[in-house]
Amino acid sequence: MRIGILAYQGSFEEHAHHLRKALSTSGLEGEVIPVKKRMDLTSVEGIVLPGGESTTLGVVAERMGILEDLRTAIHDGLPVLGTCAGAIMLAKETSDSKVKIKQPTLGVMDFAVVRNYYGRQRESFQETLDMSRIGAEKVLVPFIRAPAIVKVWGNTEILAELEGRPVMVQEGPTLATTFHPELSSSYAVHQYFLKIVKR
Ligand code: GLN
């Protein structure tokens, strides 16, 4: 299987490492490729949208002409894992300090986010999350200038929570986390994503 990572910005290397580990520990053959151009998208069976800055990700993806292709591919069932800024890209509603904002996003999942909900870089933190809903052990994960999921509706399911707020959600083959699983010592989220891709 071939998994792409949108590679304009952010934690590409860490996601690639976690995906390779998840492939080998799941007994799967596969490769991980960077996605930058529209052509790159045509050969992948799943894609990761990494953390970074969602405004930059959205603007560059739009300029490269990939945003629309990606939206169509997701509507056609391409599995996606969006982490932090990647999760913001997936949400149908985005706001910044409670004000609705316009920034280019994919807007494909039934949930609303507030960007930078927990404050600035120095307010970043780590938390141990209960991952039993994806059949995994508890994991310690970082939240870095993280968004909060403030509303979930329709077909979006909550897979993990922190203090009563969803931090990992799924709608069909599309997964979003407000934390950074690629910066943790666990491969559980990536393994779970590969299971979805394999289906
Ligand atoms: N604060 C960033 C944004 O709003 C997300 C931060 C991250 O991806 N670690 O896009």
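Parameters at a glance
- Residues numbered from 1 in each chain as written.
- Predicted model: local features only at pLDDT ≥ 70, side-chain atom pairs only at ≥ 80, totals over all residues.
- Helix = DSSP H or I, 4+ residues; strand = E, 2+ residues; numbered from the N terminus.
- Buried ≥ 20, exposed ≤ 12 C-beta atoms within 10 Å, placed from the backbone.
- Pairing = 2+ DSSP bridges.
- Near = placed C-beta within 6 Å.
- Nonpolar A, V, L, I, M, F, W, Y, C, P; charged D, E, K, R; others polar.
- UniProt positions renumbered as here; feature names shortened; annotations may be inferred.

A.B. asks: Explain the environment of E14 here, please?
C.D. replies: The residue E14 is located in helix α1 (residues 12-25) in this model. Considered as a pair, E14 and G119 are 105 residues apart in the sequence and their alpha carbons are 24 Å apart.

A.B. asks: It is not clear to me how the pairing of strand β13 (residues 174-177) should be interpreted in this structure. Could you clarify?
C.D. replies: Successive side chains on a regular strand alternate, one facing one side of the sheet and the next facing the other. Residues T174 and A176 point to one face of β13 and L175 and T177 to the other, with burial holding for every one of them. One ladder, built from four bridges, connects strand β4 (residues 80-83) with β13; its direction is parallel. Of the residues in β13, the one forming a bridge with L81 is L175. Alignment of strand β12 (residues 165-171) against β13, held across four bridges, turns out to be antiparallel.

A.B. asks: Mind showing me how you'd approach the site of the ligand here?
C.D. replies: By nearness alone, every residue bordering the ligand is listed as G51, G52, E53, S54, C84, A85, I88, R115, N116, I144 and R145. Class assignment of the residues belonging to the shell around the ligand gives a composition of four nonpolar, four polar and three charged.

A.B. asks: So what exactly am I meant to see when it comes to the UniProt feature "active site" (unreviewed entry) in the protein here?
C.D. replies: Per the UniProt record, "active site" (unreviewed entry) is annotated on C84, H180 and E182. Their sequence span is 99 residues, while the largest C-alpha to C-alpha distance among them is just 10.8 Å; these annotated residues converge on one region. Considering the arrangement of structural elements, one finds C84 in the loop between β4 and α5 (85-90). The class of C84 is buried, set by 30 C-beta atoms lying within 10 Å.

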